[in-house]
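Structural characterization, general
What follows is each chain in one-letter form.
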Amino acid sequence: MKCRKENQDHKMKNTDEYEQKHTKYQFQQNAKRMKTIHIEPEKIFDCTLATRTPKQIAFSGVYAGDLLSDVMGHAREGNIWVTMQTHKNVAAIAGLKDIRAVIIVGNNQPDADMLSQCECENISVFTTGLRTYEVCGMLYEYEKKSHEA
Amino acid sequence: MRLKADLHIHTVLSPCGSLWMSPAIIVQRALEEGLQVIGITDHNSCLNAAIIQSMAQSHGIFVMTGAEVCTAEDVHCLCFMKDLHQLDVFQKYLETHYTTVQNNTQRFGEQLVVDENENIIAEVPQLLLAATNISINALRSKVRELGGLFIPAHVNRSSYSISSQLGFMPPDLYPDAIEISRQISIQQFSENPGSFGKLPIIQSSDAHNPEDIGRAYIFINTKNLCFESIAEAIRTNKIISM
């Protein structure tokens, strides 16, 4: 009987330790993921701020996507959103997901009503001639370096 | 009168349309299905619509001429024109907004303009499946300017639709109606329409093969068999589901 109890205690202790360790690990992971970085995109790559909003933005992570249904489902708060869509719904979805910056790639020019709505919601819109792959590559490098620093 | 209508049919002009979709076969199949109104809507082109309209007329079938336009956002929209003059204007408008991608007939299929005897008059070189550079709001304005009917296609589909490309119905778009695909009933869709609210709903076959014509249809309550009456009935939701 005693033996069994000890065993249980031992088991519990182990579980506690495991949980503590696991929680700590998760916390570190989350902190890493949630860590907000400041960026001024115009200084990092060839792009132009199209809205009257801050040049410098705080972000954590990037989401790239042109299917707005997908972005609505999967982008996270604080992400930079890289897309070629210029419809006004971009502004609505960025607002909904608490995205502070949208980068429009491939020389696509955003609609005037999209820009005005982004300004209302204080979302910075950048336009660039670069493509999604290049922009994401540079943002990835920037974020990685900032985490290492 | 109550008109049986299937407003979304492709012809041999659409690369994905079967080579059996000739004007004569489409009219024949519409007769077999008892359709009084059909819509000829090829991808980004109206070039086969007029001939089908003139052929169907003698059988008492009214043809809504137009196209299924792929907007810059990759959203498919049915656009119908009220007469052949407006159809011509609309066709020229579309042609100035094509991308430069050329069709590969091996891969995508042929894009044929034909006459009533199935003789090939022309082959369209640009890939009609590709998106135009017209934004959805600009397309809506153009169709309204020409007095046409604007209906976003298969809005419930997970590709090339308002839902997939734009997430939800833009509140400032004001389409005349929306189309749903044949996989769901109008009643089922209306139970949970989300951002589409109370817009009139049509349902059509999106036929690419003769056997699919009339697979889905609606009844339209209207006084006359003409564009204006049908368009008005759709705008005011005088639609009965199949």
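Residues numbered from 1 in each chain as written. Chains lettered and ligands numbered in written order. Predicted model: local features only at pLDDT ≥ 70, side-chain atom pairs only at ≥ 80, totals over all residues. Heavy atoms only, no water.

Turning our attention to the overall build of chain A. If you tally the helices and strands in chain A, you get 6 helices and 7 strands. Its helices and strands in sequence order give chain A the pattern α-β-α-β-β-β-α-β-α-β-α-β-α, from N to C terminus. A burial count over chain A gives 35% of its 149 residues as buried. Sequence separation of at least 24 residues holds for 49% of the intrachain contacts in chain A that already meet a minimum separation of 6. Carbon and sulfur atoms form 52% of the exposed surface of chain A, whose accessible area is close to 9200 Å². (Helix = DSSP H or I, 4+ residues; strand = E, 2+ residues; numbered from the N terminus. Buried < 20%, exposed > 50% of the residue type's maximum accessible area, 1.4 Å probe, protein only. Contact = heavy atoms within 4.5 Å. Areas by Shrake-Rupley, 256 points an atom, 1.4 Å probe, with all protein chains shown as cover.)

As a further point, take the state of the cysteines. Residue and element names in this part refer to chain B. Applying the stated rule across the entire model yields 0 disulfides over all chains. With no disulfide of its own, Cys 77 lies closest to Cys 79 among cysteine sulfurs, the gap being 6.0 Å. Classification of Cys 77 as buried rests on a relative accessible area of 0%. (Disulfide = S-S within 2.5 Å.)

It is worth spelling out the packing of aromatic side chains at this point. Residues and elements named next belong to chain B. In total, this model carries 3 aromatic pairs over all chains according to the counting rule given. Centroid distance Phe 189 to Phe 196: 5.9 Å. Interplanar angle 45°. Geometry classified as tilted. With relative accessibility at 7%, the residue Phe 196 sits in the buried group. Its guanidinium or amino end placed over the ring of Phe 219, Arg 2 lies 4.1 Å from that ring's centre, counting from NZ or CZ. (Phe/Tyr/Trp six-rings, centres within 6.5 Å; stacked < 30°, edge-to-face > 60°. Lys NZ or Arg CZ within 6 Å of the ring centre and 35° of its normal.)

Opposite the 12 residues of chain A that make contact, chain B presents 13 residues. Buried surface at the junction of chain A and chain B, summed over both partners, amounts to about 930 Å²; 49% is from carbon and sulfur atoms. Considering only the side of chain A, the residues that lose the most area to chain B are Gln 85, His 87 and Asn 89 of chain A, jointly responsible for 47% of the buried surface there. Applying the counting rule to chain A against chain B returns 1 salt bridge. Lys 88 of chain A serves as the salt-bridge partner of Asp 172 of chain B, at 3.5 Å between the closest nitrogen and oxygen. (Buried area = accessible area lost by both parts, 1.4 Å probe. Salt bridge = Lys/Arg side-chain N within 4 Å of Asp/Glu carboxyl O.)

Residues and elements named next belong to chain B. Turning to its location among the elements, Glu 33 is positioned in the loop between helix H1 (23-32) and strand E2 (37-43). Here Glu 33 falls in the partly exposed class, since its relative accessible area comes to 24%. Along the chain, Glu 33 and Glu 95 lie 62 residues apart, while their C-alpha atoms are 33 Å from each other. With residues up to four places along the chain from it excluded, the contact list for Glu 33 reads Lys 4, Ile 213 and Gly 214. At 2.9 Å, the side chain of Glu 33 and the side chain of Arg 29 are in polar contact. (Polar contact = N/O pair within 3.5 Å; in protein donor to acceptor, adjacent residues only side chain to side chain.)

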